[in-house]
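# Residue-level structure breakdown
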Amino acid sequence: MAEVVYKQIADELRERILSGLLAPGADVPTEAELAHRWNTSRGPIRNALLTLRQEGLIETGRGRPARVTSRKPNQAVDVSIPFTRWAEGIGAVPGADTQEVSLRRAGAEKAALLGVEVGAPIVEVLRLRHLDERPAMLERLTFLEDVGRVLFDVDLDTVSITEYLEQRGHPSYSIDHEIDAVAADEVDAELLQVPIGSPILRLRRISHDAEGRIFEASDDRYLPDVIRFTVSASGRSRTGDAYVRPLRAL
């Protein structure tokens, strides 16, 4: 029941934000006010506010009420949300423009990522994603051949690949993320409409199936003036190595 309540609270607040009743910069009702309105404890309230924060609709800070965000959308990387659903959740219209879907032989780098032999067949996808018709992210996706082949059966401009793969029997059971910044190459520059060498955010993902097999490796390039990443840590490591790792020994 508590789960249903928090979703109802999040839905109502989201509707008020997207309709403009709660404008950018406006304070969200306090936990006490929401608890009174919904006749519930603060647990569901906090879960609802966390949901909206992860969607980039509100921002919270210690000692002050939550506020409707007036900044660029957040994309949480500690949870798995398909780009299409995330965009819809923040009130934006998602779009896709598929540049290429191809069956190829794995080179050394892709073979290492997927754990297959060099020369094994793989499927690669290059797809530009939009928010409200503005370029936002360039997907470079690589799949095991048996998984990726199903992508030739559908118009990738019209579906969430994550959800489509789930429907075809290939859900993700765990995902590893890695974030860094890179310089835009020629492909990035052309499709994201930025100068070559411009800094862009990169989110790399490794997706595992129920048996722990890696079936997807993605390299997503985001425009930093359109999207920012957020992470909600569920705990604290005494050594810190669970969250932050150097690229090389110091």
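Rules behind the numbers
Residues numbered from 1 in each chain as written. Predicted model: local features only at pLDDT ≥ 70, side-chain atom pairs only at ≥ 80, totals over all residues. Heavy atoms only, no water. Core = buried A, V, L, I, M, F, W, Y, C linked by side-chain atoms within 4.5 Å. Buried < 20%, exposed > 50% of the residue type's maximum accessible area, 1.4 Å probe, protein only. Helix = DSSP H or I, 4+ residues; strand = E, 2+ residues; numbered from the N terminus. Salt bridge = Lys/Arg side-chain N within 4 Å of Asp/Glu carboxyl O. Pairing = 2+ DSSP bridges. Axes fitted to C-alpha atoms, helices over the stretch in contact; angles between N-to-C directions. Expected span 1.5 Å × (residues − 1). Left-handed = near helix turned anticlockwise from the far one by under 90°. Contact = heavy atoms within 4.5 Å. Nonpolar A, V, L, I, M, F, W, Y, C, P; charged D, E, K, R; others polar. 1 Å grid on protein atoms, 1.4 Å probe; cavity = no way out; pocket = protein on both sides within 12 Å on 5 of 7 lines; lining within 4 Å. Points joined across faces, edges and corners; volume = space filled by probe spheres on them.

## Focus on the nonpolar core
Ranked by size, the top nonpolar core spans 40 residues in total, and within it L13, I58, L131 and I227 carry the most contacts. The greatest single-element share of this core, amounting to five residues, is contributed by helix 1 (residues 2-19). With 20 residues, the next largest nonpolar core counts V123, V147, L165 and A217 among its residues.

## Things to note about the pattern of salt bridges
A complete count under the given rule lists 26 salt bridges for this structure. Across the pair R46 and E31 runs a salt bridge, and its minimum N-O distance is 3.0 Å. With R46 in helix 3 (residues 42-54) and E31 in helix 2 (residues 31-38), the pair connects residues that are 15 residues apart, well separated along the chain. Where R104 meets E124, a salt bridge forms, and the shortest distance between an N and an O atom there is 2.8 Å. With R104 in strand 4 (residues 94-105) and E124 in strand 5 (residues 121-131), this residue pair connects regions lying 20 residues apart in the sequence. Several salt bridges share partner residues, and in doing so they unite R140, E178, D180, D185, D188, R202, R204, D219 and R221 into one network.

## With respect to the sheet that holds strand 6 (residues 134-144)
Taken together, the six strands give an open sheet; going across it, the order is 4-5-6-9-8-7, and neighbouring strands pair in antiparallel fashion. The open sheet has two edge strands with one neighbour each: strand 4 and strand 7 (174-183). The sheet shows a mean angle of 15° between the axes of neighbouring strands, taken without regard to direction.

## Quick notes on helix 3
When the terminal C-alpha atoms of helix 3 are compared, their 18 Å separation across 13 residues agrees well with the 18 Å that a helix rising 1.5 Å per residue should span. For helix 3, every residue scored as buried is listed here: P44, I45, A48, L49, T51, L52 and Q54. Backbone geometry just after helix 3 places G56 at a positive phi near 85°.

## Side note on the packing of helix 2 against helix 3
Between two packed helices, both the angle of their axes relative to each other and the distance between the axes serve to describe the pair. Viewed as axis vectors pointing N to C, helix 2 and helix 3 meet at an angle of 115°, and their least axial separation amounts to 9 Å. Where helix 2 crosses over helix 3, the handedness of that crossing is right-handed. Here E31, A32, L34 and A35 of helix 2 come into contact with helix 3, specifically with R42, I45, R46 and L49. Residues belonging to the contact of helix 2 with helix 3 are distributed by class as follows: five nonpolar, no polar and three charged.

## Points about the pairing of strand 5
Of all eleven residues making up strand 5, ten are buried, and the element is well covered by its neighbours. Where strand 4 meets strand 5, eleven bridges bridge the pair, whose relative direction is antiparallel. Across the sheet, the residue bridging to R104 is I122, located in strand 5. As judged from the ten bridges shared by strand 5 and strand 6, these two strands associate in the antiparallel manner. The residue of strand 6 that forms the bridge with H130 is P135. Linking two consecutive strands that pair antiparallel, namely strand 5 and strand 6, is a turn of two residues; a positive phi of about 50° is found at D132 within it.

## Focus: unusual backbone geometry
Backbone geometry at E133 places phi at a positive 70°, although glycine is not the residue there. By secondary structure assignment, the location of E133 is in the loop between strand 5 and strand 6. Take E133: its relative accessible area is 76%, and that puts it in the exposed class. If you check the backbone angles, Q193 has positive phi at about 60° while not being a glycine.

## Quick notes on the layout of surface pockets
For the second largest pocket, the calculated volume is near 530 Å³. Lining the second largest pocket are 24 residues, with K110, L113, R140, S218 and D219 sitting closest to its centre. Those elements giving two or more residues to the lining of the second largest pocket turn out to be strand 4, helix 5 (108-114), strand 5, strand 6, strand 7, strand 8 (199-208) and strand 9 (214-222). Partitioned by chemical class, the residues of the lining of the second largest pocket number seven nonpolar, four polar and 13 charged.

By themselves, these figures tell us nothing about what the structure is for.
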